[in-house]
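# Examination of the molecular architecture
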Amino acid sequence: MTASDPPALPADFLFGTATASYQVEGAVTEGGRLPSIWDAYCRTPGRVARGETGDTACDHYHRYPEDIALMKELGVGAYRFSTAWPRIRPAGDGPANPEGLAFYDRLVDELLAAGIEPIVTLYHWDLPQALEDRGGWRVRATAERFAEYARITADHLGDRVRRWITLNEPFCSSFVGHAVGRHAPGTREGTPALATAHHLLLAHGLAARELRASAAAHGRPVEVGITLNLDRLVPATDSAADRAAVDRAETLHNRVWTEPLLNACYPDNEAETWGELADGSYRAEGDLATISQPLDFLGVNYYRPTKLRDAPHREPDPARRTAMDIRTEEVPFEGVRHTTMGWPVVPSTFTDLLVDLHRRYPNLPPVLVTENGSAEEDRVDADGRVRDTDRIDYVRDHLHAVAAAIEAGVDVRGHFVWSLLDNFEWAYGYDRRFGIVRVDYDTLERIPKDSYHWFKELIGRHAARHGAATAS
Ligand code: GBH
């Protein structure tokens, strides 16, 4: 099989697209929504490129019918979106907001009418600011508030939504937010950052229980998963020091999540990775049992591999060290293409990651690739056509990488292109475009790119080859 052939994927393989509330909705002061940590972060000078915010974003809050029509035309079986906690329970605790729930009613009903399965992520980084003011993810109480919000949302939408993702990329919520400082709330902490990771896992476990209790109370089917951005980490050389550096990074990026979730234990090299920062002060008896309830599926977001070498601590004083300072240093990949994010494109590393995950965790649940895609230059022709051939190559080659993993025995059930639309790319603002549909930010017009047409053809050929309507 060459890379230009269509990937050989199972008949019932699910094709989808994904977005997230703060990145596409806009309408941040409408319908009773209150600020999230991202509204606050965007308003802090110097944090987001050009001072951009999600205030309008793609205006998906008002234009969702047009966006759903685009997906119907595309032929996807599912749409992965996130509900905004600051719409549904704006203060983080207290009463639910009927207007917030009503927006998601409209969205879900429109999707179902178009024959598209709604898959809901409950948390894609927009924590109510009111909870941040009381400690945010550093405190255990936030995990309890999250479980309540999950219950409210599931009681309301669970008659129409079967598959739920508790958290998107807790690595970003904890370490990028509280140690790198490139995401909200934008701090650079040590032990408190490790506490946020633990409380996010706990939030997942408590919410999983509520999602299942809600479904049981109403006699509805339910599937619960979590989405992780797992990293494929490669040592710069074969030296023992570089391999040990990768072991520490495996724990920071991957095992901190997969060991509690899939093995009911904490990583065995925490001391080696974080030294005295990992003091466990944030853990309580029984937490592991809550976190490690069986998953119905695991969501994996994948974009790029990372090459690392051993390095000294960046901060010599342990008291001032962040949880990212694990004596590693990134080394560039040579001789491969890089996207506009500066991310190296090496599709075979996605196969390696999936196969390795499958070997390491014998009880691995079915996998959904909940995000995969690329930000590209997107030249617009005089006639308005967007010739994004680099994105087509990227998605096609990563679908081949998924097919190879399936052939090697990994149970991958679906793939969601990030993203349906160009949108608010966090600290980068609007100039990094991941969409298969271009958004003109002056007019908010949607322009399907060549990749959209290519993807539509791929989905159509897959359906034709397998005798059409296999999805349900
Ligand atoms: C995903 O994250 C997000 O889920 C999505 O919202 C986003 O739009 C999309 O991908 C494209 O970026 O600060 O140096 O430690 C992507 C995976 C992993 C990318 C963590 C940023 C942090 C680099 N992210 N990474 S650093």
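Note that the structure is a prediction, hence the values are computed from the model and not measured.

What counts, and where the lines are drawn
Residues numbered from 1 in each chain as written. Predicted model: local features only at pLDDT ≥ 70, side-chain atom pairs only at ≥ 80, totals over all residues. Heavy atoms only, no water. Helix = DSSP H or I, 4+ residues; strand = E, 2+ residues; numbered from the N terminus. Buried < 20%, exposed > 50% of the residue type's maximum accessible area, 1.4 Å probe, protein only. Lys, Arg positive; Asp, Glu negative; His and termini not counted. Salt bridge = Lys/Arg side-chain N within 4 Å of Asp/Glu carboxyl O. Polar contact = N/O pair within 3.5 Å; in protein donor to acceptor, adjacent residues only side chain to side chain. Contact = heavy atoms within 4.5 Å. Disulfide = S-S within 2.5 Å. Expected span 1.5 Å × (residues − 1). Near = heavy atom within 4 Å. Areas by Shrake-Rupley, 256 points an atom, 1.4 Å probe, with all protein chains shown as cover. Pairing = 2+ DSSP bridges. Axes fitted to C-alpha atoms, helices over the stretch in contact; angles between N-to-C directions. UniProt positions renumbered as here; feature names shortened; annotations may be inferred. Core = buried A, V, L, I, M, F, W, Y, C linked by side-chain atoms within 4.5 Å. Parallel < 35°, antiparallel > 145°, perpendicular 65-115°, else oblique. Left-handed = near helix turned anticlockwise from the far one by under 90°. Nonpolar A, V, L, I, M, F, W, Y, C, P; charged D, E, K, R; others polar.

## Looking at the side chain of Glu259
Within the secondary structure, Glu259 sits in helix α10 (residues 240-263). There is no salt bridge for the buried Glu259, and the closest opposite charge comes from Arg255, which lies 5.5 Å off by N-O distance. At 2.4 Å, the side chain of Glu259 forms a polar contact with the side chain of Tyr361. Dropping the residues within four chain positions of it, Glu259 is found in contact with Ala264, Cys265, Tyr266, Pro267 and Tyr361.

## Some thoughts on the environment of Ser292
Within the secondary structure, Ser292 is located in the loop between α12 (287-291) and β7 (297-301). As for Ser292 and Trp85, which are separated by 207 residues in sequence, their C-alpha atoms are 24 Å apart. Ignoring any residue separated from it by four or fewer positions in sequence, one finds Ser292 in contact with Pro260, Leu261 and Ala264. At a separation of 2.8 Å, a polar atom in the side chain of Ser292 contacts the main-chain carbonyl oxygen of Leu288.

## Let's talk about the state of the cysteines
Summed over all chains, the structure comprises zero disulfides. Summary of cysteine pairing: Cys58 is not part of a disulfide, and the nearest cysteine sulfur, belonging to Cys42, is at 14 Å.

## Points about the side chain of Thr19
Along the chain, Thr19 turns up in the loop between β1 (14-18) and α1 (21-24). Taking the relative accessible area as the measure of exposure, Thr19 reaches 2% and is therefore buried. A distance of 2.6 Å separates a polar atom in the side chain of Thr19 from a polar atom in the side chain of Tyr79. When neighbours within four sequence positions are excluded, Thr19 is seen to be in contact with Val24, Tyr79, Arg80, Phe81, Ser82, Trp418, Ser419 and Leu420.

## Some points on helix α5 (residues 98-113)
Between the first and last C-alpha of α5 there are 22 Å, a value that for 16 residues agrees with the 22 Å anticipated at 1.5 Å per step. Of all the residues in α5, the buried ones are Gly100, Leu101, Phe103, Tyr104, Asp105, Leu107, Val108 and Leu111. Gly115 lies just past α5 and shows a positive phi near 75°.

## Things to note about the environment of Glu144
With respect to the helices and strands, Glu144 occurs in helix α7 (residues 141-157). You can call Glu144 partly exposed: its relative accessible area is 38%. In the structure, Glu144 is positioned 146 residues away from Thr290 in sequence and 12 Å away in space, judged by C-alpha atoms.

## Observations concerning the pattern of salt bridges
A complete count under the given rule lists 47 salt bridges for this structure. Glu73 is the partner of Lys456 in a salt bridge, and the nearest nitrogen-oxygen pair spans 2.5 Å. Taken as a pair, Lys456 in helix α15 (residues 450-465) and Glu73 in helix α3 (residues 60-74) lie far apart in primary sequence, 383 residues in all. Judged by relative accessible area, Glu73 falls into the partly exposed class, the value being 45%. Close ionic contact of Arg396 with Asp393 constitutes a salt bridge, the shortest N to O distance being 3.3 Å. You can see Arg396 and its partner Asp393 sitting in helix α14 (residues 389-407), three residues apart, about one turn around the helix. Arg396 gets classed as buried once you look at its relative accessible area, which sits at 18%. Three or more residues joined by partner-sharing salt bridges are found here, namely Asp378, Asp388, Arg391, Asp422, Arg433 and Lys449.

## Remarks on the site of the ligand
Near the ligand, the surroundings consist of 17 residues, among which Gln23, His124, Glu169, Glu425 and Trp426 are the closest. The contact in question runs from an oxygen atom of the ligand to an N or O atom on the side chain of Tyr303, over 3.2 Å. Glu425 places a side-chain nitrogen or oxygen 2.6 Å from an oxygen atom of the ligand. If the ligand stood free it would expose 580 Å²; the protein chains cover 77% of that surface.

## Overview of the sheet that holds strand β6 (residues 232-235)
A sheet is described by the order of its strands in space; here three strands give the open sequence β6-β8-β9, paired in mixed fashion. The open sheet is flanked by β6 and β9 (328-331), the only strands paired with a single partner. Within this sheet the neighbouring strands show an average axis-to-axis angle of 45°, counted without direction. By the bridge criterion, four bridges tie strand β8 (residues 305-310) to β9 in an arrangement that is antiparallel. Its bridge partner lying in β9, Asp310 is registered against Thr328.

## Examining the UniProt feature "active site" (unreviewed entry) in the protein chain
UniProt records the feature "active site" (unreviewed entry) for Glu169 and Glu371 in the present numbering. Judged by maximum C-alpha separation, these annotated positions cover 203 residues in sequence but sit close together in space, the widest gap being only 10.4 Å. Relative to the elements of secondary structure, Glu169 occurs in the loop between β4 (163-168) and α8 (170-180). Setting aside its immediate chain neighbours within four residues, Glu169 contacts Trp125, Thr227, Asn229, Asn301, Tyr303 and Glu371. Relative to the assigned elements, Glu371 resides in strand β10 (residues 367-372). Ignoring sequence-local partners within four residues, the contact set of Glu371 consists of Ala18, Arg80, His124, Asn168, Glu169, Val300, Asn301, Tyr302, Tyr303, Phe416 and Trp418.

## Observations concerning the nonpolar core
If you look at the biggest cluster of nonpolar residues, it comprises 143 residues, and the most contacted ones within it are Trp38, Tyr123, Phe146, Phe175, Trp257, Trp274 and Phe455. Look past the residues within four positions of Trp274 in its chain and what remains in contact with it is Phe175, Leu194, Thr251, Leu252, Val256, Ala323 and Ile326.

## Focus on the packing of α5 against α7
In the contact formed by α5 and α7, the axes pass within 11 Å of each other and the chain directions differ by 45°. Comparing the axis directions of α5 and α7 gives the class oblique. Viewed along their axes, α5 and α7 form a crossing whose handedness is right-handed. Counting all contacts with α5, which are made through Leu101, Tyr104, Asp105 and Val108, the residues of α7 involved are Ile152, His156 and Leu157. Classifying every residue of the contact of α5 with α7 gives five nonpolar, one polar and one charged.

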